[in-house]
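Each chain, letter by letter, is given below.
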Amino acid sequence: MFSWFYIEGILILVGINLMVVLGLSLLTGFTGLFSFGHAGFMAIGAYVSAICTMNFGIPFYAALLLGGIAAMVASLFIGYFTLNLKGDYFCIATLGFGEAVRLIFDNLQYFGGARGLPGIPLETTLAKVVIINIIGIAAMAFLIKSRHGRNMIAVREEELASQAIGINVFHYKMTSLAISALYAGIGGALWAHYLGFIQPLMFQLTKSTEMTIMVIFGGLGSITGSVVGAFILTFLPELLREFAQWRLVVYGAAVIIIMITRPQGMLGGMEFSLKGIIRFFRKFGKKKGQSAINAPEGGAEG
Amino acid sequence: MSVFLQQLINGLSIGSIYALMAVGYSLVYSILNFSNFAHGGVIMLGAYIGLYALHLLPMSFLGALVIAAFGAGLIAVVLEKVAYSPLRKRNAPSLYFIISAMGASIFLENLVIATIGPTFKTYPQIFNPIPFTFGSISVSRIDVLMFVIAAISLAILVFIIEKTKVGLAIRACSYSSRGSNLMGVNVNRIIFVIFLLGGMLAGIAGMLFGMKYTVYPQIGVITNKSFIAAVFGGLGSLPGAVVGSLLLGLIETLSSAYIASQYRDLIAFTLLIVVLVIRPSGIMGKITEDKA
């Protein structure tokens, strides 16, 4: 029923989404900022990298990085102006940014305008996506375990208190936004080189929402959760193809149900680690062992 | 000059529709302190309810408008009960409210696509399509109607908020919902009223918008404009939402007339960011720190 070619395609999409989701996870899950503009960063990454490989003959990996960096530069620009805003204002500013980026690409004839940009070399393969994802996950795990990652979590938990103990809140918000834009840009670049065709319509607000929902579904504040979220929510719509029209209805309802029942997501705040699993099994074994020993005693007492 | 006047009138008529949407959104923001991103879904359903009401009661425009208003109000209330009320009871951070609202907006939009279908639908022709003409200016009847109905609805809203007891409670809650709860205001009831009023305005806006253009499931996207308008005027401020909306309408029509129509949305979004940078509290907004 499912040919390998089909599954490989979905796995590549999982990897592409995962890059963006990892970045968003840092921003939303660890720093507590909410962005509606990540489709804009994806668009910048996609267009810049596509132009790099098509018009300037820059090698694929370098073009990916350039796309990511372009998105990062844009994020520094937008972050500098809007990160001081409180609450929903930042959220709405990113919404405006995302839509503005899309509309700019809509009107730039150099980038194909509204008709889109065809003929991008098909460079994204499963092996490359896996390698990039492993690097991305490792770098993210490293960052979060570091002092900087802990400072970001402090900013999420209590902004005023962390400012009081000398954490430069603005600096950490900015770093978080920039790194998350880098990931989104690379994700967009991979997407462009997988599809071979990009169009501003592909980077609408719904794309940003989709990515955010993956982060939340997997669990805020967890890299493992992001991976699981990207996997499940990329595969699920494919598996539900037959109910094509109803799948997004289910999707929307699922988001509400998750929010009102388990708002921390599937794996909120939890991480996968080998040690943890070993500990879990040891505890499990011990409990079993203990109960086996205790049972006759209890029986003797009774 | 006549082009300018023409665009001025167009801008005011579209701005008044934005105002209806932005006020409903701002009402929710002023009490619950979160962006109700599901407002667009309510507007879209209002447009559909109005359309089907018109088919049921042919040619009775006002009847259909009332049905659309109450239908959308009811939907907004149900939405609050299902998607926000459980979060409110748990004192969840506003992030969760926003996410729940996004889920609701995806749900509503796709429910309509799955049941009614993704196609564009047009309202039947109710009013005489021949525009009023004053010299070289022509004003379509629907534009005048949009402006008048928006003005009447907003006047009724202002009356409710300024003169009635419920309105007093709403104002108290928007100042401090915890404080007014301590003073014996039933905050849950006020939130019910807020969503009902906001939803009714959304229904009216949806129906008028649908009459001027067409009805389709993604119609809620225009609420992005009402967020911008609300930010222009200052989040949570009702007069600000109205002024911001009219300004946005004017800016949009004037920029499409004098610059280029494809830059219309881009200019709106750029202005949004500029306003946020220069004066984040908007034209009439409260300074955010004042409100804990």
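Residues numbered from 1 in each chain as written. Chains lettered and ligands numbered in written order. Predicted model: local features only at pLDDT ≥ 70, side-chain atom pairs only at ≥ 80, totals over all residues. Heavy atoms only, no water.

An unreviewed UniProt entry annotates chain B as Branched-chain amino acid ABC transporter permease originating from Aminipila butyrica. UniProt's Sequence similarities (unreviewed entry) comment on chain B is quoted here verbatim: "Belongs to the binding-protein-dependent transport system permease family. LivHM subfamily." (UniProt positions renumbered as here; feature names shortened; annotations may be inferred.)

Going by what an unreviewed UniProt entry lists, chain A is known as Branched-chain amino acid ABC transporter permease and is assigned to Aminipila butyrica. What UniProt states about chain A under its Subcellular location (unreviewed entry) heading is, verbatim, "Cell membrane".

**Student:** Give a detailed account of the interface of chain B and chain A, specifying residues and quantitative values.
**Tutor:** Size of an interface: often given as the accessible area lost when the parts come together. With 45 residues of chain B at the interface, the matching set in chain A holds 40 residues. In total, about 3,700 Å² of surface goes out of reach between chain B and chain A, with carbon and sulfur atoms giving 78% of it. There are 0 salt bridges connecting chain B and chain A. Elements with a minimum of two residues in the side of chain B that touches chain A: helix H1 (2-32), helix H3 (61-89), helix H4 (94-115), helix H9 (223-233) and helix H11 (264-278) of chain B. A per-class count over the side of chain B that touches chain A returns 30 nonpolar, 12 polar and 3 charged. (Contact = heavy atoms within 4.5 Å. Buried area = accessible area lost by both parts, 1.4 Å probe. Salt bridge = Lys/Arg side-chain N within 4 Å of Asp/Glu carboxyl O. Helix = DSSP H or I, 4+ residues; strand = E, 2+ residues; numbered from the N terminus. Nonpolar A, V, L, I, M, F, W, Y, C, P; charged D, E, K, R; others polar.)

**Student:** Would you mind going over the packing of helix H2 (residues 39-56) of chain B against helix H8 (residues 187-212) of chain B in detail, with residue names and values included?
**Tutor:** Residue and element names in this part refer to chain B. For the pair H2 and H8, the least separation of the axes is 7 Å and the interaxial angle reads 60°. Relative to H8, the element H2 lies oblique. Where H2 crosses over H8, the two elements pack in a sense that is right-handed. Residues His39, Val42, Ile43, Gly46, Ala47, Gly50 and Leu54 of H2 form the contact with H8, whose own contacting residues are Gly198, Gly199, Ala202, Gly203, Gly206 and Met207. Residues belonging to the contact of H2 with H8 are distributed by class as follows: 6 nonpolar, 7 polar and no charged. (Axes fitted to C-alpha atoms, helices over the stretch in contact; angles between N-to-C directions. Parallel < 35°, antiparallel > 145°, perpendicular 65-115°, else oblique. Left-handed = near helix turned anticlockwise from the far one by under 90°.)

**Student:** Requested: an account of the environment of Ser180 of chain B, with residues and values cited.
**Tutor:** All names here are of chain B. Take Ser180: it is sitting in helix H7 (residues 177-182). Separated by 11 residues in the primary sequence, Ser180 and Ala169 have C-alpha atoms spaced 7.6 Å apart. Beyond its immediate stretch of four places on either side in the chain, Ser180 contacts Ala172, Cys173 and Val185. Of the polar contacts made by the side chain of Ser180, one reaches the backbone oxygen of Ser176; its length is 2.6 Å. (Polar contact = N/O pair within 3.5 Å; in protein donor to acceptor, adjacent residues only side chain to side chain.)

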